[in-house]
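# Working through the structure, step by step
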Amino acid sequence: MRVLGIETSCDETGVALYDTSLTGGKGLLADALYSQIAMHAEFGGVVPELASRDHTRKLLPLIEQVLSDAKLTRHDLDGITYTAGPGLVGALMVGASTAHGMARALNIPVLGVHHMEGHLLAPMLEDEPPEFPFVALLVSGGHTQLVEVQGLGRYQLLGESVDDAAGEAFDKAAKMLVLAYPGGPQVAKLAEQGDPKRFRFPRPMTDRPGLDFSFSGLKTHTMTAIRQLEAAGELDDQARADVARAFEEAVVDTLVIKCRRALDQTGLKRLVVAGGVSANHRLRERLHVECKKRHARAYYPRGRFCTDNGAMIAYVGAQRLAAGECDTYGIMQATPRWPLDQLTPPVAADS
Amino acid sequence: MPLHLLALDASSSACSAALLRQDETGATCLARFEMTPRAHTRRLLPMVDEVLAEAQVTPSQLDAVAFGRGPGSFTGLRIAAGAAQGLAFGLDCPLLGISTLEALALQAHRRYHLRHVVTALDARMGEVYAATWHCLKDTITPMSAEAVLAPEALRLPGDETDWVGVGSGFTLWKRFTVDLQLSMPQHLDDLEPRAEEMAWLAARDFAAGLGQTAHLVQPVYLRNDVAWKKPA
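As recorded in an unreviewed UniProt entry, chain B goes by tRNA threonylcarbamoyladenosine biosynthesis protein TsaB and comes from Vreelandella maris. Chain B has a UniProt comment under Sequence similarities (unreviewed entry) that states "Belongs to the KAE1 / TsaD family. TsaB subfamily." The annotation that UniProt attaches to chain B under Subcellular location (unreviewed entry) is "Cytoplasm".

Labelled according to an unreviewed UniProt entry, chain A appears under the name tRNA N6-adenosine threonylcarbamoyltransferase, originating from Vreelandella maris. Taken from UniProt, the Catalytic activity (unreviewed entry) comment for chain A reads in full: "L-threonylcarbamoyladenylate + adenosine(37) in tRNA = N(6)-L-threonylcarbamoyladenosine(37) in tRNA + AMP + H(+)". UniProt, in the comment section headed Sequence similarities (unreviewed entry), describes chain A in these words: "Belongs to the KAE1 / TsaD family."

Taken together, the contacts link 34 residues of chain A with 32 residues of chain B. Carbon and sulfur atoms supply 65% of the area buried between chain A and chain B, which totals about 3,000 Å² over both sides. Its largest share of buried area at the contact with chain B, chain A owes to Arg53, Leu60 and Met332 of chain A, together 21% of the area lost on that side. The closest approach of N and O atoms between aspartate 49 of chain B and arginine 104 of chain A, which form a salt bridge, is 2.7 Å.

Next up on the list: the domain arrangement of chain A. Residues and elements named next belong to chain A. Under the domain assignment, chain A is made up of domain 1 (2-122 + 305-342) and domain 2 (132-300). Overall, the association of domain 1 and domain 2 removes approximately 1,600 Å² of surface from exposure, summing both partners, and the carbon and sulfur fraction of that is 74%. Counting the surface domain 1 buries against domain 2, the share from its top three residues, Met116, Leu120 and Cys306, is 36%. There are zero salt bridges connecting domain 1 and domain 2. Where domain 1 packs against domain 2, one counts four residue pairs in polar contact (both at pLDDT 80 or more). Among the secondary structure elements, those contributing two or more residues to the side of domain 1 that touches domain 2 are helix H2 (37-41), helix H5 (115-121) and helix H11 (310-322). When residues of the side of domain 1 that touches domain 2 are assigned to their parent elements, the largest contribution, five residues, is made by H5. Considering only residue class, the side of domain 1 that touches domain 2 consists of nine nonpolar, six polar and four charged.

About the thresholds
Residues numbered from 1 in each chain as written. Chains lettered and ligands numbered in written order. Predicted model: local features only at pLDDT ≥ 70, side-chain atom pairs only at ≥ 80, totals over all residues. Heavy atoms only, no water. UniProt positions renumbered as here; feature names shortened; annotations may be inferred. Contact = heavy atoms within 4.5 Å. Buried area = accessible area lost by both parts, 1.4 Å probe. Salt bridge = Lys/Arg side-chain N within 4 Å of Asp/Glu carboxyl O. Domains from an automatic or database assignment. Polar contact = N/O pair within 3.5 Å; in protein donor to acceptor, adjacent residues only side chain to side chain. Helix = DSSP H or I, 4+ residues; strand = E, 2+ residues; numbered from the N terminus. Nonpolar A, V, L, I, M, F, W, Y, C, P; charged D, E, K, R; others polar.

Here you go:
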């Protein structure tokens, strides 16, 4: 089954083609992405109305591009899938309406899927995909969650952030350090020059049992540290790098401690790490060490599939469409808030 | 060979679809129109199917697709644009974007035989989307550019005194100038743009060769300062 996947939930327009008759890396026939980051950078964050407008401009050209890259035509498609949520509602509607219009024209099934399920299963697009079951850490600008994954649509939330997402904390720290938007990767870069011993920032919620996260206290702590340095006239380049390093160490340490606990608690030996923050090198190094100690293995999507992309949506949608699940004709799905653990295994439309 | 043209609109609290069929003997238009606040995502395409089924036309028989390109509700414009773009792209047929204000003017002209029409849609934030039209024997001629403005700033393009105001923008009646009010013996604030008139206008534009590849036809928002945040 050849499935077109469409992602428009935030500030990236992503499109991809996945063929379920081939597996892993081979099943992905083509993928394309248009990032709006430069446009939103001017405003220091995503402007929802501008994001929606840009999706409407970019979506069809990207669809043409992936079809042409895969040397296929629209008539070779067997199904269409799109991100139905969670995300910005106006942006979601662009993907939903286009997918439904196209599916109607081509008389093929269409299905709205969960954005985070896409992230969870993105490592399935690699040549050595993890087998079920596994523990997944979803860590991005919008989410910090630990999930036990038993199979497609069988997810149990083990823990999540009670306030800011880890990626959001990175972006906020970047603002405090006057780094460009989006600041997460810039903080990590600056941290490379920092002295890990100069400051020690708190590891929130690691001193008690449980798998929930909290990053807002760390944000305040970072702000206070910067203000104190400023007041003392000591906020030079080295001090900024030292703060970035202490901040990154605290976030990474917190994530690693919780992953360790999640592996121990579930007894599972496979850890999937996905979402924008999973690209962080220090996080990967530390998780590698922890996994090795436990004879476990960590799996990551390739770099460009760590952040929002169409490939993960095409993959998840293709699995579900192939199992017979699809939207009711003409009912576009756009669900801005949609807890991951409300998902179920695929349900065939005629059952 | 008859021409089949599908139009759809979601630019206001209403949702509509129309199928126009034209051949040597004439033209007919089948249409659906419903007030569907917050249900456009669930009603727009089923309404398309209803008009297709009633006309016994399959999507592959369509020669062109049209949609209400604005101005209007931003999200509604994009739902119609997405569905219409998806349909036209899937069918590999031309797409046409039709002005919601012009469709409203045609509706007023055909229903009430009006000749001098001011269309105004409520643009929120104390403004209206407006344009002025001369209408004669189903021919609609714009007399001013479509604009988003405060009602007080709307001027009439000529000194006729039989202008009729049409559209939700006239719920702000008291805010238009006295001059405008004196040249406008009546206004109808309960008409909404409809796919039916868009289909007729699209047939005109299609005949003029104005159909385009789907991705080139974009919504026309008129209001473009939407960031509401100062650049950092």
